[in-house]
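Descriptive analysis of the structure
Here's the letter readout for the chains.
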Amino acid sequence: MVAVTDADDVRRIALSLPETVEKEAWRMPTFRVAGKMFVTVPDDQSSFAVRCPRHERTELIAAEPEKFWVPPHEASSAWVRVRLGALDDVDELRDILVDSWKQAAPDRLLETFRT
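Regarding the packing of helix α1 (residues 7-16) against helix α3 (residues 90-104)
Taken N-terminus to C-terminus, the directions of α1 and α3 make an angle of 50°; their axes are 10 Å apart at the nearest point. Classified by the interaxial angle, the pair formed by α1 and α3 is oblique. In this structure, the crossing between α1 and α3 has a hand that is right-handed. Mapping the contact onto sequence places D9, V10, R12, I13, A14 and S16 in α1 and V90, L93, R94 and L97 in α3.

Here you go:
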């Protein structure tokens, strides 16, 4: 049976990454490393947003539109939304969060981080 992921899993995994802190912004939880945000969990908690270079984002959305999307107000950003219910398992969630964390983390953390 496939494990269903939820906002608590996002929080648990994000906070397990080195030097991550949780901070409320825009009335929602955000997670940051070295002051840089790498994940947010919007109000309805059915999805989360992560850093994603725009050229990769387009490919992700085209390949798996049921999983990834970008709301119109975030179209110019380098972020993508991920539907929690569309993820295969907690390992996929962790991979997505680690990738976003790596985009925000300083080099000194990247040098010592092992997945």
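Moving on from the coordinates now.
Observations concerning the environment of D99
If you trace the backbone, D99 turns up in helix α3. Here the alpha-carbon distance between D99 and F38, two residues 61 residues apart in the chain, equals 9.2 Å.

Section: α1
When we look at burial in α1, the residues that qualify are A7, D9, V10, I13 and A14. All buried residues of α1 lie within an arc of 155° about the axis, which places them on one face of the element. At its buried positions, α1 is contacted by β1 (20-25), β2 (28-33), β3 (36-40), β4 (47-51) and α3. At the N-terminal boundary of α1, the capping side chain belongs to D6, with an oxygen 3.0 Å from the backbone nitrogen of D8.

A closer look at a negative patch on the surface
Among the surface-exposed residues, E56, E59, D91, D95 and D99 lie close enough to one another that they form a single negatively charged patch. Among the secondary structure elements, those contributing two or more residues to the negative patch are α2 (54-63) and α3. At 3 residues, α3 tops the list of elements feeding residues into the negative patch. For D91, the position within the fold is in helix α3. Residue classification places D91 among the exposed residues on the basis of a relative accessible area of 54%.

The rules behind each value
- Residues numbered from 1 in each chain as written.
- Predicted model: local features only at pLDDT ≥ 70, side-chain atom pairs only at ≥ 80, totals over all residues.
- Heavy atoms only, no water.
- Axes fitted to C-alpha atoms, helices over the stretch in contact; angles between N-to-C directions.
- Helix = DSSP H or I, 4+ residues; strand = E, 2+ residues; numbered from the N terminus.
- Parallel < 35°, antiparallel > 145°, perpendicular 65-115°, else oblique.
- Left-handed = near helix turned anticlockwise from the far one by under 90°.
- Contact = heavy atoms within 4.5 Å.
- Buried < 20%, exposed > 50% of the residue type's maximum accessible area, 1.4 Å probe, protein only.
- Arc of directions from axis to C-beta.
- Polar contact = N/O pair within 3.5 Å; in protein donor to acceptor, adjacent residues only side chain to side chain.
- Patch = residues over 30% accessible without salt bridge, like charges linked within 9 Å, V, L, I, M, F, W, Y side chains within 5 Å.
- Areas by Shrake-Rupley, 256 points an atom, 1.4 Å probe, with all protein chains shown as cover.
- Salt bridge = Lys/Arg side-chain N within 4 Å of Asp/Glu carboxyl O.
- Lys, Arg positive; Asp, Glu negative; His and termini not counted.
- Charge placed at Lys NZ, Arg CZ, Asp CG, Glu CD.

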